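# Working through the structure, step by step
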Amino acid sequence: MRLYVYVLEGRDLCVEDCYVKIQVGKFKSKTRVLRGSRNPVWNEEFAFRVHDMGDELIISVLHHDNDSRFFNSGNELVGRVRVPVSAVLAKENHSLPPTWFSLEGPRSGKFISKEYGKILLTISLHGSAQDTTTDHPLYAHSSVKTRDLKEREGPVESQEVVSSTTSTRKVPEGKLLMKAIASCLEKLLGKNEEPSKMDDSSETSSIPSDYEDCIEEQPPLSCSFQETIEMMQSRNSEQEMPENLQGGILLDQTYIVSSKDLNMLLFAPNSQFRQGLAELQGTTNMKEGPWTWKSGDLSCLTRVVSYTQAATKLVKAVDATEEQTYIKADGREFAIFVSVSTPDVPYGNSFKVELLYKIMPGPELSSGEESSRLVVSWGMSFSQNTIMRGMIEGGARQGLKESFDQFANLLAQKFKTLDPIDSLDKDQMLATLETEQQSDWELAIKYFWNFTIVSTFFMVIYILVHILLSVHGQPQGLEFSGLDLPDSVGELITCGILVIQLERAYAMILHFVQARFQRGSDHGVKAQGDGWVLTVALIEGINVASLDSTGLSDPYVVFTCNGRTRTSSVKLQTHDPQWNEILEFDAMEDPPAVLDVEVFDFDGPFDEAASLGHAEINFLKHTSTELADIWVLLEGKLALSSQSKLHLRIFLDNNNGVETIKEYLAKMEKEVGKKLTLRSPHRNSTFQKLFGLPPEEFLISDFTCYLKRKMPLQGRLFLSARIVGFYANLFGHKTKFFFLWEDIDDIQVHPPSLSSVGSPLLVIILQKGRGLDARHGAKSQDEEGRLRFYFQSFVSFNVASRTIMGLWRTRTLTPEQKAQIAEEQQDEDVSSLVLEDPGSVFNVENANMAKVYSAELPIDINSLMEMFDGGNLEHRIAEKSGYLNYMATDWETVKPDLYERRLCFRFNRHVSVFGGEATCTQQKSPIGNDNGWILNEVMTLQDIPFGDHFRIHFRYQIESSGLAPGKCRCDVYMGILWLKSTVFQPRITRNITQKFTSRLKEIIELVEKEALLTCPQDSSP
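Fair warning: this is a prediction, and the values are worked out from it, not measured in the lab. (Residues numbered from 1 in each chain as written. Predicted model: local features only at pLDDT ≥ 70, side-chain atom pairs only at ≥ 80, totals over all residues. Heavy atoms only, no water.)

Before going further, it helps to examine the overall build of the chain. Each helix and strand in the chain was counted, giving 22 helices and 40 strands. Looking at the chain residue by residue over its 1021 residues, the buried ones come to 47%. (Helix = DSSP H or I, 4+ residues; strand = E, 2+ residues; numbered from the N terminus. Buried < 20%, exposed > 50% of the residue type's maximum accessible area, 1.4 Å probe, protein only.)

Below, the structure written as C-alpha cells:
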C-alpha cells in the first residue's frame, strides 16, 4: 500500500526559514525551505510505500540555519507530529481530510518553552487493501487554496472529536472514531516523554481540527456519471477551452461519433475501452476511484486512477497514479486534465507528466452523422531542477508516443475515423471565403460611420441652410462684390474648423477609394496544367509591422514555391489587413516541399521593398488539416517585435493521380541512370508512418548503410521525392532524422581510408541554418556553421552515390529547366509579337519626356551603338544589369532610314521584388549628315502591380562630340504615358523615374568600360 502525505501550510510558527521532514518507517523526504515567513505555504505531495500497518508517520518542522555547512548539523527542530498509519486505515475512505495539527515542541534546544505553531496536513492511504470506491482527497491538487480554512477558537482536549457528526456533513465515522485516533495519538506522543512532562502531555498532543469548516458538498453516491456531468455543465458553462500543453500533440483525430458519446467511452466509470487498453498495454492492478464533485473558485469533477505499468526493455514495472480533473464540460465540448505521477522511477518525485484531453464537435458531414475531434497534448511539470531533465523529457515523449499509438489504434476499432480529405471540402471552403467578402456599401457604412464624417456632414448642411436663409448684404470693410470676408473672430474660427473637417473627410474618402480600387495581380488567376497544384487562400493579417511613424503600412504578400511566385494585392494604411484572396500556382512536376512567405511594404513597383516579415511553411511538418486553416507567425526583427501573423488556407492537390508520380519517376531515371519503380502502397504507408510524413509523400529508393558519428551506426537510408531520411534501431534505441533535398549545399565523395574501414564515404553538407532538426545525426559542423553527415558501407556504393547525386541534381536544376522552357515559350511569343501602329506606339506627345541622363563619353558612336546591335556586348550588359532570358530580334527596315526591332526579358529579384517581364519595341533613325542616331523605345511591363496602366518611353540621342574626335555625346529622355488613371500615379512615377535613371547610368558606364577594354585588343597587331 502507498501512503500519500500532503503538506499544505503552517501557521504561527515560532521561527522563520522552515522546512518539513516526513518519515514513514525507513523512508524519508523533505519539502523546500520557505524563507521570511512564519505562515509558510508548501503545497507539496509525498508518497511512501507502507509494509507494516504498525508504522507511524512522523512530521518534523525544522529551522534552516544558513550558517550550517555539513550534514544539516545546524538545523534545529521546531516541532513534531506523529500519526499512526493504522489511524488512517481506520477511516472509511482511508484518508484524513485537511487537518490542523499542533506541533509538539522539543524537550531541549533554542526553541524550548515557546508556542510552536500548527501545520495543515492531508493524509490518504491507497493500495490493494482499499476498496475500489476509495475517494482521493480534493486537496491533492496543487491549486487547492487553504487560506479559506478557518481555525476553531478555544483549546481542544485530546478526548475531543476531530470531526463533527452533523447530519448535513458527509463525514464518515464521527466522534467515536476520532476519539480513538486522538487517544492513540496521546499515547504515542506520551511514550517518550519524561515523567515530569506527563502533566502537559494532553495539551501538547491535542489535535484541533477544522475539518468541519473545509468539507465541501459532494453529489450523493446515487448520482450517475451522466447526471454529474450535467451538474458541472450548469455550473461552469462559460469556461473557455484551454490551450494545448507545450509538450506537443500526441493525437489529433476526428471520429464519426458525437462528442458526448466519445467522452462517455473514455471517462465513464468501469469503461470497457479503458479495460481493453489496459489489457493491450499490459497494465495491471488498475483501480478507479469514483468521480467526486469539488467546489471552489472553479467547480470541477475529479477522480484518482492507480495502476501498474508494464515493464519495458529499459524500465521495470512501476506504479502510477493519475489524477483526472474535468476543466470543461458543457455537453458539446469537454476538457480533461490528467496529472500522472510515477514516484518509483528515477527522479520520479521531481516531475509529473501532464495530459490534456480535448473533445470537440467535428465538421458537419453530408450524411447527417455527428463527428467529434479528439486532441491529446502533453507536457511535464518539474517540482525541482535536475540535470537529467532533457533525458527525462525525451524518454517520456517516446513512451507517450508509443502508448497513444496503441490508444489510437484501439479507438479506431470502436469508431470509424474521418479522413482529413473527407472533412476538408476545398471548393466549399474557398467558396465560403469568397462569400465572406463584404459589399462596397457595407464597407462604406462601416468605414464612414464615425464622428468626423457625421459632424462634417451636419456642419455642411447647417452652413448651406444658413446661406439659403441669409439675405445678401452690402460689402463692408475690404470686401467687394464677389469677395465675402469673415466679419468677426467667430466667423473666422468657424471657417477654419470647417476647412479642417473637410480636409479630414476628403482624406478618409480618398483612402477608402484607394483601398477599394486596388486589385492583386495574381488574385483569381486559375492554375494551368497537370501535376501538383498549390492553392493558397490569403485571408488576413494581424499586427503587421510598420516602418512609418503613423504605425500603419501598405502591406502585400509574395508567395514563392518551386521557383514560382504569386503576389497579393496591396492593402492601404492598415496593420490588420483583410485580403480574402485566392492565389493558385500552375501545376508543378515536382511535389513542393516548402512555401516561402514574405510581407513587403509597397512603395512602387521598382522599389527595394522593405520586408515586414517572412516565414517558411514546410509541407512535411504539417498535416493537410493543419494547412487547411493555419496561422503563420512571421519572423524578422519588425515582425517579432509586433507579433505579426498571417491567416492562410493551403491546399496541395495532385490533379493527375498516379500518372504524375510515374512521370516524375521517369524523369528521375534519366538522371539516376537506373530503373525506378513505384513502391507498393503498404511500403509507402510504412515509410510515411516511420518519419511522420503526409500521405502524398512516396518512396523512391532505400539503402542499407552506416551513419558515421563517434561510433558507426547501422541503419537504412531512405530517398523520397522531397527528403533524405535515416532510421536505425539498436537494441530498442531508435535514431531517425530527415532533411529536405533543398537543404543540401554540397555532396562529396571521399576515397576509402583506414578510419572508414576501407569503404568510400558519402558526405552530405547542408546549407547554413538548415536541417537543424536532424543535427543529432550530423558528425560535425564546419566553420561556416554547416552540418556534415557521413554515410559509408553501402552494399553498392556506386549505385547509392549515383542515385543520391542524380536526385539532388534534378531538384537543384529544376529552376534552370523551367527557365529553359520559359525561354522557348518567350521565343514563340517574340516571333509572334505584333504591334498595332508604330506611329501610335511612339507617339510621345503625352509622355511628358524629360532629360534624365547626359554625358560626354570617351568612345565613338559605333562603340556605343553596339549596345543596340544584339551582339555579345549587348547580352553581357543585360546579364550584368539583372535582365534574365534576354532576347532581341534583328533590325528590320520599316521605312527609308527607319529601323525597328523587339526585345523581351525578365527582371531579377534585385531589380524588382515582383520579378516581372518587359517587352520593348525600339526604332532608330540616323541624324542628318550621319552625325549620330536617335533611338526611341517603348517598354511595356507585365506581372507587376499596375503594369497595364502605363508605358515607359525612352529617347536616346547619340551624336558626335565637337570637343574631340573619337568621342560622343549621349542624352537620354524618359517619360511615362498613362493609359489608365490610378491614385498611385505620383508614387509610381517617382519610383520608376528614380530607378531607371540610376540603371541607365549604370548600363552606359558598363558599355563605356567594355568598349575601352576591347579597344586596345582591336588595335593590337
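There's plenty left to go through after this.
With respect to topology, four strands assemble into an open sheet ordered β20-β17-β24-β23, the strand pairing being antiparallel. Edge strands, defined here as strands with exactly one partner in the open sheet, are β20 (578-584) and β23 (630-633). The sheet shows a mean angle of 25° between the axes of neighbouring strands, direction not considered. Pairing geometry for β23 and strand β24 (residues 645-654), over four bridges, is antiparallel. Each bridged residue has a counterpart across the sheet, and for L633 the counterpart in β24 is K645. (Pairing = 2+ DSSP bridges. Axes fitted to C-alpha atoms, helices over the stretch in contact; angles between N-to-C directions.)

A separate point is the confidence of the model for the chain. Within the chain, residue pLDDT values average 77, and 78% of them lie at 70 or more. Here residues 128-221 is a poorly scored stretch, pLDDT under 50, and it has 159 contacts once near neighbours within four places are set aside; other chains count. (pLDDT = per-residue confidence, 0-100. Contact = heavy atoms within 4.5 Å.)

Next up on the list: the sheet that holds strand β21 (residues 594-601). Overall, antiparallel pairing links the four strands, which are arranged β19-β18-β21-β22 in an open sheet. Of all the strands in the sheet, just β19 (564-567) and β22 (610-618) have a single pairing partner and so form its edges. Here the strands of the sheet are splayed against their neighbours by 20° on average, with no regard to which way each runs. Taken together, the six bridges between strand β18 (residues 555-561) and β21 define a ladder with antiparallel strand orientation. When the bridges of β21 are listed, Y556 appears paired with F600.

Next up on the list: the packing of aromatic side chains. Under the counting rule described, the total for this entry stands at 31 aromatic pairs. Pairing F691 with F738 gives two aromatic rings, centres 6.2 Å apart and planes at 90°, and the pair type is edge-to-face. One end of the pair, F691, is in helix α17 (residues 681-691); the other, F738, is in strand β28 (residues 733-740), with 47 residues separating them in the sequence. Neither residue differs from the other here; F691 and F738 are each classed as buried. The interplanar angle of 50° and the centroid separation of 5.2 Å between the aromatic rings of F946 and F984 together place this pair among those described as tilted. Of this pair, F946 sits in the loop between β38 (932-942) and β39 (950-960) while F984 sits in the loop between β40 (968-978) and α22 (985-1019), and the two are 38 residues apart along the sequence. Joined through ring pairs, the aromatic side chains of F267, F273, W291, Y326, Y357, F404 and F407 make up one cluster. (Phe/Tyr/Trp six-rings, centres within 6.5 Å; stacked < 30°, edge-to-face > 60°.)

Burial of strand β30 (residues 761-766) is extensive: six of the six residues sit out of reach of the surface. Here β30 shows no split at all, with L761, V763 and I765 on one side and L762, I764 and L766 on the other all buried. Sheet topology note: the strand β29 (residues 744-750)/β30 ladder contains six bridges and is antiparallel. Residue pairing in the sheet places V749 in a bridge with L762 of β30. Pairing of β30 with strand β32 (residues 787-792) involves five bridges; the strand directions are antiparallel.

Attention now goes to the nonpolar core. Nonpolar side chains in soluble globular proteins tend to end up buried together. Y556, L857, L864, M939 and I952 are the most contacted members of the largest nonpolar core, which has 54 residues in total. For this core, the leading source of residues is α22, giving eight residues. Apart from residues lying up to four places away in sequence, M939 is in contact with F905, F907, A918, T919, C920, R951, I952, F954 and F996. In this structure, L251, L277, I359 and W378 belong to the second largest nonpolar core, which totals 48 residues. (Core = buried A, V, L, I, M, F, W, Y, C linked by side-chain atoms within 4.5 Å.)

Take the state of the cysteines next. Enumeration over the complete set of coordinates arrives at zero disulfides. Looking at the unpaired C904, the closest cysteine sulfur is the one in C920, lying at 8.8 Å. (Disulfide = S-S within 2.5 Å.)

Further remarks concern helix α21 (residues 872-880). Taken together, the buried positions of α21 are occupied by L873, E874, I877 and A878. The buried residues of α21 occupy an angular sector of 135° when projected down its axis, which confines them to one face. The outward face of α21, more than 90 degrees from its buried face, is lined by the exposed residues N872, E879 and K880. Where α21 terminates, the next one or two residues include G882, which has phi positive at roughly 90°. (Arc of directions from axis to C-beta.)

Below, the discussion takes up the pattern of salt bridges. A side chain with one charge can pair with a side chain of the opposite charge if their charged atoms come near. All told, the structure shown has 33 salt bridges when counted by the stated rule. Measuring nitrogen to oxygen at the nearest pair gives 3.6 Å for the salt bridge that ties D319 to R49. Of the two residues, D319 sits in strand β13 (residues 318-329) while R49 sits in strand β4 (residues 41-49), which places them 270 residues apart along the sequence. Note on D319: relative accessible area 22%, which makes it partly exposed. Where R786 meets D782, a salt bridge forms, and the shortest distance between an N and an O atom there is 2.9 Å. When salt bridges that share partners are traced, they join D745, D782, E784, R786 and R788 into one network. (Salt bridge = Lys/Arg side-chain N within 4 Å of Asp/Glu carboxyl O.)

To continue, consider unusual backbone geometry. Even without a glycine there, the phi angle at N543 is positive, about 55°. Relative to the assigned elements, N543 resides in the loop between β17 (532-542) and β18. You can call N543 partly exposed: its relative accessible area is 33%. With a phi angle near 60°, S793 is a residue other than glycine that sits in the positive phi range.

This next bit is on a nonpolar patch on the surface. On the surface, F457, F458, I461, L464, V465, I467, L468 and L469 cluster together into a nonpolar patch covering about 870 Å² of accessible area. Tracing the backbone through its elements, the reader meets L464 in helix α12 (residues 451-469). (Patch = residues over 30% accessible without salt bridge, like charges linked within 9 Å, V, L, I, M, F, W, Y side chains within 5 Å. Areas by Shrake-Rupley, 256 points an atom, 1.4 Å probe, with all protein chains shown as cover.)

Right, let's talk about the side chain of R902 for a bit. On the secondary structure map, R902 appears in strand β36 (residues 898-907). Of note is the side chain of R902, whose polar atom sits 3.3 Å from the side chain of E900. (Polar contact = N/O pair within 3.5 Å; in protein donor to acceptor, adjacent residues only side chain to side chain.)

A word on the side chain of T254. Its place among the elements puts T254 in strand β9 (residues 248-255). Beyond its immediate sequence surroundings of up to four residues, T254 is in contact with P363, S371, S372, R373, K416, T417 and L418.

Here we come to helix α6 (residues 259-267). Counting along an α-helix, one turn takes 3.6 residues, and residues three or four places apart therefore face a common direction. If you check which residues of α6 are buried, you get S259, L262, N263, L265, L266 and F267. Across the axial projection of α6, the buried residues extend over an arc of 165°, all falling on one side.

A few words on the packing of helix α7 (residues 272-281) against helix α8 (residues 389-414). Two elements in contact, α7 and α8, have axes separated by 10 Å at closest approach and are oriented at 135°. Looking at the two axes, α7 sits oblique to α8. Between α7 and α8 lies a crossing of right-handed hand. From α7, F273, G276, L277, L280 and Q281 reach across to α8, where they touch S403, Q406, F407, L410, L411 and K414. Taken together, the residues of the contact of α7 with α8 break down into six nonpolar, four polar and one charged. (Parallel < 35°, antiparallel > 145°, perpendicular 65-115°, else oblique. Left-handed = near helix turned anticlockwise from the far one by under 90°. Nonpolar A, V, L, I, M, F, W, Y, C, P; charged D, E, K, R; others polar.)

The next point concerns the environment of E959. Residue placement: E959 occurs in strand β39. In this structure the C-alpha to C-alpha distance between E959 and W933, which are 26 residues apart in sequence, comes to 6.6 Å. Beyond its immediate chain neighbours, meaning those up to four positions away, E959 contacts I861, I927, N931, G932, C968 and R969. Among the polar contacts made by the side chain of E959, one reaches the side chain of Q957 at a distance of 3.5 Å.

For the rest of this paragraph, the subject is the environment of T677. Structurally, T677 can be placed in the loop between α16 (658-672) and α17. Relative accessible area serves as the criterion here: at 46%, T677 is assigned to the partly exposed category. When the C-alpha atoms of T677 and I700 are compared, they prove to be 7.5 Å apart, with 23 residues separating the residues in sequence.

Moving on, we come to the environment of Y326. Its location among the elements puts Y326 in strand β13. In sequence terms Y326 and Y357 are 31 residues apart; their C-alpha atoms lie 9.5 Å from each other. Of the polar contacts made by the side chain of Y326, one reaches the side chain of N263; its length is 2.6 Å.

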